[in-house]
Amino acid sequence: MEEKNWLRRLISGEILCIVTDKKAVDWLVTNSGQEYANLGLDYVGMQLASDEQQTYFYAAYNNLNDKADAKALKSHLQYIVNLMHPLLAFLDFIAQANDDDQYADIEHIYRYSELITAIENSQAIEESLRALSSHSLFRTARSKSSLGEKLSSVLKTMEEEGFLLSDGSGTHYTVTGKLAYYIKLFEEIVQHQAPSLMEQSDDSQKELMI
């Protein structure tokens, strides 16, 4: 059953969103879908959660008085904080290339042709692209010689990490719920000023997914 597969993916830490799995989201917005998911998640001390618009769903710990769950959540949040350094650098680069003053939300589309044109027409944007390869997340772009190859490598990495979904041809990429979720969590962490999580991350090491 698809429902069992969706439940397993939630438990494993996946973000189910309208971009990557609309069928799952269509089910999770229903009362029966939420009851099924919460019943299954409750067995592992979790509950179904989503953004306000219910465009993406994820599993959240339901009792942080449990020391093991609290420790796991802190580890998860620390991982996100560490990863946000290269992610924010990517988003800043994209905003600069698109001449936009805010980060794109879920379902927004980045077009390769528009990005490469902006890069070729601006030394500052070109330097921003080159600077991305200084982050370990985008290290595969370092060996690419042309600007087009560097851009493709960066976008491919974002796709492999689940933050973008490609159309298959590499002409346009859609922002997924995972990127929106990470940005939301990071903003909440900053807002609550959690010093133990905001320590400077070691970007020289490869970030590990939970």
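This one's a predicted model, so the numbers in the text were calculated from it and none came from an experiment.

Visitor: Got a minute to help me understand the overall build of the protein in this structure?
Guide: Broken down by element type, the protein carries eight helices and six strands. Each helix and strand of the protein, ordered N terminal to C terminal, gives the series α-β-α-α-β-β-α-β-α-α-α-β-β-α. Classification of the 210 residues of the protein by burial places 46% in the buried group. Pairs at least 24 residues apart make up 58% of the contacts formed inside the protein by residues separated by at least 6 positions.

Visitor: Looking at this structure, I do not really get the sheet that holds strand 5 (residues 164–166). What am I missing?
Guide: Pairing between the strands of a sheet comes from backbone hydrogen bonds, and it takes one of two forms, parallel or antiparallel. Spatially, the three strands line up as an open sheet ordered 4-6-5, and their pairing is antiparallel. Unpaired on one side and paired on the other, strand 4 (109–111) and strand 5 mark the two borders of the sheet. Shown here is a sheet whose adjacent strand axes are inclined to one another by a mean of 30°, direction ignored. In this sheet, strand 6 (residues 172–175) lies alongside strand 5 in antiparallel orientation, the contact comprising three bridges. Its bridge partner lying in strand 6, Leu-165 is registered against Thr-174.

Visitor: Mind showing me how you'd approach the confidence of the model for the protein here?
Guide: Interpretation of the predicted coordinates at a detailed level should be avoided for regions scoring low in pLDDT. Predicted confidence across the protein gives a mean pLDDT of 86, with 89% of residues reaching 70 or more. Confidence drops under a pLDDT of 50 for residues 200–210, and excluding neighbours within four residues, the segment shows 25 contacts in the predicted structure.

Visitor: For this particular structure, what's the right way to read the pattern of salt bridges?
Guide: Under the counting rule described, the total for this entry stands at five salt bridges. Where Asp-26 meets Lys-22, a salt bridge forms, and the shortest distance between an N and an O atom there is 3.0 Å. Of this pair, Asp-26 and Lys-22 both sit in helix 2 (residues 22–28), four residues apart, which is roughly one turn of the helix. Overlapping salt bridges bring together Arg-9, Glu-14 and Asp-21 as one network.

Visitor: Which parts of the structure should I look at to understand the packing of helix 5 (residues 112–120) against helix 7 (residues 147–160)?
Guide: Helix-helix packing is characterised by the crossing angle of the two axes and by the distance between the axes. Between helix 5 and helix 7, the shortest axis-to-axis distance is 10 Å and the interhelical angle comes to 135°. Taken together, helix 5 and helix 7 sit at an angle that is classed as oblique. Crossing of helix 5 against helix 7: the hand is right-handed. Contacts from Tyr-112, Leu-115, Ile-116 and Ile-119 of helix 5 reach helix 7 at Leu-147, Gly-148, Leu-151, Ser-152 and Leu-155. Of the residues that constitute the contact of helix 5 with helix 7, the class distribution is seven nonpolar, two polar and no charged.

Visitor: Quick question: what am I supposed to make of the nonpolar core here?
Guide: One broad rule of soluble globular proteins: the nonpolar side chains tend to lie buried together. Residues Leu-87, Phe-90, Tyr-110 and Tyr-182 are the most contacted members of the largest nonpolar core, which totals 63 residues. Here this core gets twelve residues from one element, more than from any other, and that element is helix 4 (residues 67–97). Leave out the neighbours within four places in its chain, and Leu-87 touches Leu-137, Met-158, Phe-163, Leu-179 and Tyr-182.

Visitor: Would you explain the sheet that holds strand 2 (residues 46–50) in this entry?
Guide: The three strands lie next to each other as 1-3-2, forming an open sheet whose pairing is antiparallel. Each end of this open sheet is capped by a strand with a single partner; those strands are strand 1 (16–17) and strand 2. For strand 1 and strand 3 (residues 56–61), the ladder comprises two bridges, and the chain directions are antiparallel. Within strand 3, the residue paired with Cys-17 across the bridge is Tyr-56. Its contacts with the sheet put helix 3 (residues 31–42) on strand 2 and strand 3, and the angle it makes with strand 2 is roughly 140°. Across the sheet, helix 8 (residues 177–191) is in contact with strand 1, strand 2 and strand 3; its angle to strand 3 comes to roughly 45°.

Reading the values: the criteria
- Position numbers for residues count from 1 along each chain, tracking the sequence in the order it is written.
- Residues qualify for local features only when their pLDDT is at least 70, as the model is predicted, and side-chain atom pairs are given and counted only at 80 or more; totals for whole chains, interfaces and linings, by contrast, use all residues.
- Side-chain calculation: all heavy atoms of the structure are included, whereas hydrogens and water are not.
- Counting from the N terminus, the helices are the DSSP runs of H or I reaching at least four residues and the strands are the DSSP runs of E reaching at least two.
- Whether a residue is buried, partly exposed or exposed follows from its accessible area with a 1.4 Å probe, protein chains only, as a fraction of its type maximum: under 20%, in between, or over 50%, in that order.
- Any two residues whose heavy atoms approach within 4.5 Å are treated as being in contact.
- Should DSSP find at least two bridges between two strands, the strands are taken to pair.
- Axis angles are defined between N-to-C directions and span 0 to 180 degrees, where every axis is a line fitted to C-alpha atoms and, for a helix, only to the segment in contact.
- Confidence per residue, as judged by the predictor, is encoded in pLDDT with a range of 0 to 100.
- Any Lys or Arg side-chain nitrogen found within 4 Å of a carboxyl oxygen on Asp or Glu counts as a salt bridge.
- Comment on the angle field: the value is read as roughly parallel under 35 degrees, roughly antiparallel over 145, roughly perpendicular from 65 to 115, and oblique elsewhere.
- Crossings are sorted by hand: turned counterclockwise from the far helix by less than a right angle, the near helix makes the crossing left-handed, and turned clockwise it makes it right-handed.
- Gly falls in the polar group here, along with every residue not listed as nonpolar (Ala, Val, Leu, Ile, Met, Phe, Trp, Tyr, Cys, Pro) or charged (Asp, Glu, Lys, Arg).
- In plain words, nonpolar cores are sets of buried Ala, Val, Leu, Ile, Met, Phe, Trp, Tyr and Cys residues tied together by side-chain atoms within 4.5 Å.

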